[in-house]
Amino acid sequence: MINANYGTRKKGSSKFVVVAPHAAGDDVRTKELAEQIAEHLNASLVVNEKYIQPSNPRAGTHPHVEDFNKLSWSGQTQEYNWTRKHPHMKEFYEHIREFAEAVRQHGDCRAIIVYIHGMSDNSQNIGVDIGFGAKYHQGRLKGTQGTRDKHPESGSNTGVVMATREDIEKLKGTLEQKLSQDHNLKVGVGDRYAAWSRQNGIQYHAGSQDHSFQLELSYLLGQPRNLEYTSKLIADALKEVYNSN
């Protein structure tokens, strides 16, 4: 593990890059979850352990405040404006990009970049919500583009679909098969967060060959007693979907 200005990073030996943008005190135990998932996958790892979000109740007195999952996107210039963000956040994303580039240099055509988040338990019994730039409408996964494929709720969002619909459907089914049996939980796709804003962290990789998506994990799955269960569940599902590609 290598110390960084924002937290820690580690280079792995597989096609996976695991990222925890809110592990400094916003998303419960995502540092531990990301570390364990990365270990199971032999993945590269990038963790923000220092900066909390402005919405955090401690933000008024905390010395390091920045939302590491909210990029500053300019629709006019079609690029990110890093002058509006802390330099350590730019370093965070540069390290993710460097790890992804290293994957391609070792023969894989793309990196699989997985952002780990936490969410509260909910009345819909969703244990994992997958955000990749689309959500269901009339039985189809729709994003922000086109006419037939534009989701009616996408509004002015311009983020693109960051993985194939086929892979995400398979990931959903693989996770849900186990979660429904063990915890009576469902898996959503964009039910809580569709990740289709260009400000969202996964959209940083738009335009590259890499696939990126976020996994929102419920409070139950982030409990200490469930950390090993959850990390292995996620890692095994990712292997099943992406190591066969």
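Starting from 1, residues in each chain are numbered consecutively following that chain's sequence as written. In view of the model being predicted, local features appear only for residues whose pLDDT reaches at least 70, and side-chain atom pairs are presented and counted only at 80 or more, with totals across whole chains, interfaces and linings using the full set of residues. As a rule here, side-chain values cover all heavy atoms of the structure and leave hydrogens and water aside.

## Some words on the pairing of strand β12 (residues 211–218)
Rules: When accessible area is computed with a 1.4 Å probe and restricted to protein chains, residues below 20% of their type maximum are described as buried, those above 50% as exposed, and intermediate ones as partly exposed. Counting from the N terminus, the helices are DSSP H or I runs at least four residues long and the strands are E runs at least two residues long. A pair of strands is treated as paired once DSSP finds two or more bridges between them.
Most of β12 is tucked away, with eight of its eight residues classed as buried. Relative to β12, strand β8 (residues 126–131) runs antiparallel, the two sharing four bridges. Within the sheet, the bridge partner assigned to glycine 131 lies in β12 and is glutamine 214.

## Focus on the pattern of salt bridges
How we decide: Note on definitions: salt bridges are taken to be side-chain nitrogens of Lys or Arg within 4 Å of carboxyl oxygens of Asp or Glu.
Enumeration according to the criterion identifies 10 salt bridges in this entry. For glutamate 101, the salt bridge goes to arginine 97, with nearest N and O atoms at 3.2 Å. With glutamate 101 and arginine 97 both in helix α2 (residues 87–105) and four residues apart, the pair spans about one turn of that helix. Using a relative accessible area of 31% as the deciding quantity, one classes arginine 97 as partly exposed. Linking arginine 104 and aspartate 210 is a salt bridge whose minimum nitrogen-to-oxygen distance equals 2.6 Å.

## Some thoughts on the nonpolar core
The condition that has to hold: Side-chain atoms within 4.5 Å are what join buried Ala, Val, Leu, Ile, Met, Phe, Trp, Tyr and Cys residues into a set we call a nonpolar core. We call two residues in contact when some of their heavy atoms are within 4.5 Å.
In this structure, Phe213 and Leu215 are the most contacted members of the largest nonpolar core, which totals 40 residues. With eight residues, the single largest contributor to this core is helix α4 (residues 227–242). In this structure leucine 215 touches Val114, Tyr115, Ile116, His117, Val128, Asp129, Ile130, Leu171 and Ile234, once residues within four positions along its chain are discounted. In terms of nonpolar packing, the next biggest core, distinct from the first, is built from 25 residues, Leu71, Tyr80, Met89 and Tyr115 among them.

## Description of helix α3 (residues 165–183)
Let me state the cut-off plainly: Expected helix span is given by 1.5 Å per residue-to-residue step, counting one fewer step than there are residues. Think of it this way: the bend at a residue is just the angle between two axes, each fitted to seven residues, one set ending at that residue and the other starting at it.
Across its 19 residues, α3 extends 26 Å between first and last C-alpha, which sits within 8% of the 27 Å expected from 1.5 Å per residue. The largest bend along α3 measures about 25° and falls at glutamate 176. Looking at α3, one finds that the buried residues are Asp167, Ile168, Leu171, Lys172, Thr174, Leu175 and Leu179. Of the surrounding elements, those touching the buried residues of α3 are β8, β9 (135–137), β11 (186–189), β12 and α4. Note on α3: the residue one or two positions beyond its end, asparagine 184, has a positive phi of about 55°.

## Things to note about the side chain of arginine 9
Cut-off, in case you're wondering: By the counting rule applied here, Lys and Arg register as positive and Asp and Glu as negative, while His and the ends of each chain are not counted.
Assignment of secondary structure puts arginine 9 in strand β2 (residues 7–10). Buried within the structure, arginine 9 lacks any salt-bridge partner; its nearest side chain of opposite charge belongs to glutamate 98, at an N-O separation of 4.9 Å. Ignoring sequence-local partners within four residues, the contact set of arginine 9 consists of Met1, Ile2, Ala4, Leu45, Val46, His95 and Phe99.

## Quick word on unusual backbone geometry
In most cases, non-glycine residues show a negative phi, while peptide bonds are predominantly trans. The residue asparagine 184 is not glycine, and still its phi comes out positive at about 55°. Relative to the elements of secondary structure, asparagine 184 occurs in the loop between α3 and β11. Phi at alanine 195 is positive, roughly 60°, even though this residue is not glycine. Its location among the elements puts alanine 195 in the loop between β11 and β12.

## Describing the pairing of β8
Among the six residues that make up β8, six are buried, leaving the element largely enclosed by the rest of the structure. Examined bridge by bridge, β8 and β11 share four bridges and lie parallel to one another. Its bridge partner lying in β11, isoleucine 130 is registered against valine 189.

## Here we look at the environment of serine 55
With respect to the helices and strands, the residue serine 55 is situated in the loop between β4 (44–48) and β5 (73–74). With relative accessibility at 61%, the residue serine 55 sits in the exposed group. Put simply, serine 55 and glutamate 66 are 11 residues apart on the chain and 9.6 Å apart in space, counted from C-alpha to C-alpha.

## Some remarks on the packing of aromatic side chains
Applicable threshold: Classification of ring pairs rests on two measures: the distance between centres of Phe, Tyr or Trp rings, Trp counted by its six-membered ring, which must be within 6.5 Å, and the angle between planes, read as stacked under 30 degrees, edge-to-face over 60 and tilted in between. Two limits define a charge over a ring: the Lys NZ or Arg CZ must be within 6 Å of the ring centre, and within 35 degrees of the ring normal.
Going through the model one piece at a time under the given rule, you end up with 12 aromatic pairs. Judged by centre distance (6.0 Å) and plane angle (40°), the rings of tyrosine 80 and tyrosine 204 are tilted. On the criterion of sequence distance, the pair formed by tyrosine 80 in strand β6 (residues 79–80) and tyrosine 204 in the loop between β11 and β12 is long-range, its members being 124 residues apart. In this structure, tyrosine 80 and tyrosine 204 share a single accessibility class: buried. For the pair phenylalanine 213 and tyrosine 242, a centre-to-centre distance of 6.1 Å together with 15° between the ring planes defines the contact as stacked. Of the two residues, phenylalanine 213 is situated in strand β12 and tyrosine 242 in helix α4; the sequence distance between them amounts to 29 residues. Residue phenylalanine 213 shares its accessibility class with tyrosine 242, and that shared class is buried. Following the ring pairs from residue to residue traces out a cluster consisting of Tyr6, Tyr51, Phe68, Trp73, Tyr80, Trp82, Phe92, Tyr93 and Tyr204. When the ring centre of tryptophan 73 is taken as reference, the NZ or CZ atom of arginine 198 above it lies at 3.8 Å.

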